[in-house]
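Now for the letters of each chain:
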Amino acid sequence: MTKSEPFSGAVGVLHTALIWGGPVAVICLLAFLAASVTPQRRLQATLTTRWRDASLLFATAALALYTFGCLDIAFRYGGEGGESCVTGEDVVKGVRLAEVDGNLVPLRVVCHLTDGRAFDLIVPSFLNPAVAVLLLLALGAGIASILAHRAQRRSSPRKELVT
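Only a predicted model underlies this, so the values are computations on that prediction, with no experimental measurement involved.

Check the secondary structure of the chain and you find five helices and three strands. Start at the N end of the chain and walk to the C end: the helices and strands fall as α-α-α-α-β-β-β-α. A sequence separation of at least 24 residues applies to 61% of the contacts in the chain between residues at least 6 apart. In the form shown here, the chain has an accessible surface area of approximately 10,400 Å², with 66% of it arising from carbon and sulfur atoms.

Here's what the structure looks like:
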């Protein structure tokens, strides 16, 4: 891995796919959610569809934040090659950048210096916890949707086949 490639190999391909596909997926999910809040559809909405929409809204928000983080890394980090990891004081001491490593889960870029220090670079501190909370909310709303659907199926009368 070179100093200028925090994401290489399969991780780099996935990071690039998130940069290009993330905004498209967020826009499509928002369009679906906007279509489901029309007055006519809201009158027909059941508890199941409301929980499903809430789950999709939380998942869309998590995807939007995660995509923001990927774009933030791509645009702010760019071709810098980790030069902001090394301070002027480090240069005087002879410390250089050993490598730059990137992780997608949690989203971060880590600078490794020749003196053994390592620290995170660029990714906002709120991003990973916010994505985790939104995904947990999406999971909870999804489970509530499933439970509401099962309760609705149990309470509605079954139609018998007439032979």
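There's plenty left to go through after this.
Let us look at the nonpolar core. Within the largest apolar cluster, 19 residues are counted, with the highest numbers of intra-cluster contacts made by Tyr66, Cys70, Ile73, Leu97, Leu107 and Val109. Mapped onto this core, the elements with two or more residues apiece are α1 (9-35), α3 (47-77), β1 (97-104), β2 (107-113) and α5 (127-155).

Feature annotation in UniProt places "transmembrane region" (unreviewed entry) on residues 12-35, 56-75 and 126-148, given in this structure's numbering. Summarising residues 56-75: 100% helix, 0% strand, and an end-to-end C-alpha distance of 28 Å.

This part is about the pairing of strand β3 (residues 118-121). Across four bridges, the pairing between β2 and β3 is antiparallel. Within the sheet, the bridge partner assigned to Val110 lies in β3 and is Asp120. The antiparallel pairing of β2 with β3 creates a hairpin that spans four residues between the two strands, and Gly116 there sits at a positive phi of about 95 degrees.

Right, let's get into the pattern of salt bridges. For the structure shown, the criterion picks out two salt bridges. For Asp53, the salt bridge is made with Arg52, and the minimal N-O distance between the two is 2.9 Å. A residue is classified by how much of its surface remains accessible, and Arg52, at 31% relative accessible area, is partly exposed.

Time to look at a nonpolar patch on the surface. Together, Leu136, Leu139, Ile143 and Leu147 make up an exposed nonpolar region whose accessible area comes to about 410 Å². Within the secondary structure layout, Leu139 lies in helix α5.

With antiparallel pairing, three strands are arranged side by side in an open sheet as β1-β2-β3. If you trace the sheet from one side to the other, it starts and ends with β1 and β3, each paired once. Adjacent strand axes in the sheet meet at a mean angle of 25 degrees, parallel and antiparallel pairs treated alike.

Moving on to the side chain of Ser145. Structurally, the position occupied by Ser145 is in helix α5. Apart from the residues within four sequence positions on either side, Ser145 is in contact with Thr48, Trp51 and Arg52.

All right, on to the pairing of β1 then. Across seven bridges, β1 lies against β2 in antiparallel orientation. Bridged to Asn103 within β2 is Arg108. If you look at the hairpin formed by β1 and β2, you'll find two residues sitting between the two strands.

Turning our eyes to something else, we now look at unusual backbone geometry. In the segment running from Val105 into Pro106, the intervening peptide bond is cis, with an omega of -10 degrees. Here Pro106 lies in the loop between β1 and β2.

Rules used in this analysis
Residues numbered from 1 in each chain as written. Predicted model: local features only at pLDDT ≥ 70, side-chain atom pairs only at ≥ 80, totals over all residues. Heavy atoms only, no water. Helix = DSSP H or I, 4+ residues; strand = E, 2+ residues; numbered from the N terminus. Contact = heavy atoms within 4.5 Å. Areas by Shrake-Rupley, 256 points an atom, 1.4 Å probe, with all protein chains shown as cover. Core = buried A, V, L, I, M, F, W, Y, C linked by side-chain atoms within 4.5 Å. Buried < 20%, exposed > 50% of the residue type's maximum accessible area, 1.4 Å probe, protein only. UniProt positions renumbered as here; feature names shortened; annotations may be inferred. Pairing = 2+ DSSP bridges. Salt bridge = Lys/Arg side-chain N within 4 Å of Asp/Glu carboxyl O. Patch = residues over 30% accessible without salt bridge, like charges linked within 9 Å, V, L, I, M, F, W, Y side chains within 5 Å. Axes fitted to C-alpha atoms, helices over the stretch in contact; angles between N-to-C directions.

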